[in-house]
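# Examining the three-dimensional arrangement
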Amino acid sequence: MIFETLDTTGHEQVVFCHNKDAGLKAIIAIHNTVLGPALGGTRMWPYPTEADALKDVLRLSRGMTYKNAVAGLNIGGGKAVIIGDPATDKSEALFRAFGQFVESLGGRYITAEDVGIDVNDMEYVYRETEYVTGVHQVHGGSGDPSPFTAYGTLQGLMATLNRKYGDEEVGKYSYAVQGLGHVGMEFVKLLKERGAKIFVTDINKQLVDKAVSEYGAEAVGLEEIYDVAADVYSPCALGGTINEQTLPRLKAQVICGAANNQLANNAIGDEVEKRGILYAPDYAVNAGGVMNVSLEIDGYNRERAMRMMRTIYHNLARIYEISERDGVPTYMAADRLAEERIIAIGKLKLPLGRTAPRFQGRIRGNH
Ligand code: NAD
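Residues numbered from 1 in each chain as written. Predicted model: local features only at pLDDT ≥ 70, side-chain atom pairs only at ≥ 80, totals over all residues. Heavy atoms only, no water.

Here we come to the overall build of the protein. Across its full length, the protein holds 12 helices and 12 strands. For 367 residues, the compact-globule formula gives about 21 Å, and the C-alpha radius of gyration of the protein, at 20 Å, lands near that figure. For the protein, the spread of C-alpha atoms along the three principal axes comes to 55 × 45 × 40 Å. The 367 residues of the protein split such that 54% are buried. Treating the 39 positive side-chain charges of the protein as one cloud and the 46 negative ones as another, the clouds have centres 4 Å apart. (Helix = DSSP H or I, 4+ residues; strand = E, 2+ residues; numbered from the N terminus. Rg over C-alpha atoms; globule rule 2.2 N^0.38 Å. Buried < 20%, exposed > 50% of the residue type's maximum accessible area, 1.4 Å probe, protein only. Lys, Arg positive; Asp, Glu negative; His and termini not counted. Charge placed at Lys NZ, Arg CZ, Asp CG, Glu CD.)

Near the ligand lie 19 residues; those nearest to it are Thr149, His182, Val183, Asp202 and Ala237. Between the ligand and Asp202 there is a distance of 2.6 Å, counted from an oxygen atom to a side-chain nitrogen or oxygen. Separating an oxygen atom of the ligand from a side-chain N or O atom of Asn260 is a distance of 2.9 Å. Expressed as a share of its isolated accessible area of 830 Å², the protein-covered part of the ligand is 73%. Looking at the shell around the ligand, the elements with two or more residues in it are α5 (146-165) and α6 (182-193). (Near = heavy atom within 4 Å. Polar contact = N/O pair within 3.5 Å; in protein donor to acceptor, adjacent residues only side chain to side chain. Areas by Shrake-Rupley, 256 points an atom, 1.4 Å probe, with all protein chains shown as cover.)

All right, on to the domain arrangement of the protein then. According to the domain assignment, the protein contains domain 1 (2-64 + 75-139) and domain 2 (146-285). Taking the mean C-alpha position of each, domain 1 and domain 2 sit 31 Å from one another. (Domains from an automatic or database assignment.)

With that out of the way, let us pick up the packing of aromatic side chains. Considering all chains together, one arrives at 2 aromatic pairs under this definition. On the basis of an interplanar angle of 15° and a centroid distance of 4.6 Å, the ring pair of Tyr165 and Tyr173 is categorised as stacked. On the accessibility criterion, Tyr165 (31% relative accessible area) is partly exposed. (Phe/Tyr/Trp six-rings, centres within 6.5 Å; stacked < 30°, edge-to-face > 60°.)

A few words on the nonpolar core. Counting residues in hydrophobic clusters, the biggest one holds 91 residues, and the most contacted among them are Ile28, Phe98, Leu157, Tyr175, Val177, Leu191 and Val200. Residue assignment places this core across two domains, with domain 1 (2-64 + 75-139) and domain 2 (146-285) each supplying three or more. If we ignore the near neighbours within four places in the chain, the residues touching Val177 are Gly184, Phe187, Val188, Leu191, Ile198, Phe199, Val200, Thr201, Ile225, Ser234 and Cys236. Ala176, Tyr226, Leu250 and Tyr279 belong to the second-largest nonpolar core, a separate cluster that totals 19 residues. (Core = buried A, V, L, I, M, F, W, Y, C linked by side-chain atoms within 4.5 Å. Contact = heavy atoms within 4.5 Å.)

A separate point is the side chain of Thr246. By secondary structure assignment, the location of Thr246 is in the loop between β10 (232-235) and β11 (254-255). Thr246 sits in the buried class, given a relative accessible area of 6%. Beyond its immediate stretch of four places on either side in the chain, Thr246 contacts Tyr226 and Thr241.

With that settled, the discussion passes to unusual backbone geometry. A positive phi angle is found at Asn261, which is not glycine, with a value near 50°. By secondary structure assignment, the location of Asn261 is in the loop between β11 and α8 (266-274).

The tally for this structure, following the rule as stated, stands at 23 salt bridges. Ionic pairing is found between Asp121 and Lys90, a salt bridge with its closest N-O pair at 2.6 Å. Of this pair, Asp121 sits in helix α4 (residues 119-128) while Lys90 sits in the loop between β5 (76-83) and α3 (92-104), and the two are 31 residues apart along the sequence. One salt bridge connects Arg318 with Glu321, and the closest N-O pair in it is separated by 2.8 Å. Separated by 3 residues within a single helix, Arg318 and Glu321 lie in helix α11 (residues 302-326), roughly one turn from each other. (Salt bridge = Lys/Arg side-chain N within 4 Å of Asp/Glu carboxyl O.)

Further remarks concern the pairing of β10. Of the two faces of β10, both are covered, the one formed by Val232 and Ser234 as well as the one formed by Tyr233 and Pro235. Two elements, strand β7 (residues 174-178) and β10, share 4 bridges in a ladder whose sense is parallel. Looking at the pairing, Tyr175 lines up with Val232 of β10. (Pairing = 2+ DSSP bridges.)

This is how it looks when you write it as structure tokens:
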């Protein structure tokens with residue numbers, strides 16, 4: 001049953017991690033290491049069943065392969081899930097036991113934070129393994145990725161405007177930004193600096209007030225965001241907001257934002273295309289976070305991170321070329337770009353896990 005699933009999903013390795021004393025039940029899924037060691041965060045979640053946990057880790061790890069490949073990184077795709085409630089089940093022993101399993105993979109899988117896990121949890125993982133990114137800055141970590149994600153989203157936006165309108169004058173257009181969290185607020189700031197007209201919404205009123213007072217944005221209701229006359233709809237909150245109910249309401253001709261999994265399903269992606277709306281594939285646009293964290297493998301450097309964010313422009317431009325070349329919607333073109341890169345680089349037959357020794361250079365602080 002499991003191997004049948006793996007045949008379909010194309011995973012290389014799935015590791016079930018169990019430590020009774022530490023209360024650890026975790027699954028590490030390595031989807032693809034053709035481009036390099038598998039990088040992807042660890043999620044802690046009270047999954048109702050083990051099957052739910054497995055399904056999630058397989059889906060998320062496959063997504064990381066595509067995201068890392070399109071981002072142009074020498075990194076493959078993986079992900080881990082810890083079954084448990086982040087509010088009640090965390091302990092030093094749990095994370096150290098998990099770290100020992102990560103270590104046992106010898107660098108084929110490199111972990112990071114994801115939903116339910118914070119930088120303090122990662123400190124425990126880091127005691128047992130160096131194959132961790134997203135640790136505290138005192139250990140050479142890269143810190144909060146959100147400003148980089150916002151800047152990368154701006155690069156993706158410029159490529160998308162260029163494709164749609166033939167110019168990159170961000171300030172000429174109007175924006176409906178949904179979600180003013182870590183990424184959304186920073187993105188609004190960047191838009192404002194370029195003189196754009198911005199509509200905003202968030203369930204948190206304080207954040208809306210801040211966007212209005214500091215960045216001159218116009219506040220709209222949570223539902224109204226789908227109806228405003230803006231050129232660009234920018235989802236920066238939750239996934240699935242482009243769906244059967246919302247799509248007919250959108251006035252925007254461009255969709256470009258940082259949220260993950262924006263399209264409710266592929267059929268909606270096809271419909272977006274049919275309506276002549278240009279959709280900037282989410283995982284290509286929001287790759288700033290993973291790009292930032294990936295630099296920890298070589299030794300983090302902020303300058304390099306900013307330079308790397310600018311490659312998102314070219315990645316988007318390439319996706320639009322493939323979309324035109326093959327006559328397929330942009331969400332599909334992004335997947336093709338990933339697959340083509342994996343095949344082309346795979347032919348070079350790079351040794352697996354070759355970046356791992358670089359970790360040896362990292363100074364392990366007294367933690
Ligand atoms: P965040 O939690 O800081 O912000 C999300 C914001 O959305 C919050 O302010 C929340 O109040 C608001 N929100 C939630 N539901 C809403 C709704 N129905 N309508 C309007 N607003 C709503 O998260 P973030 O780090 O800013 O990430 C935003 C999105 O970008 C997420 O989908 C995340 O997965 C994705 N993303 C983030 C990064 C990163 O570097 N932080 C990287 C890649 C992708």
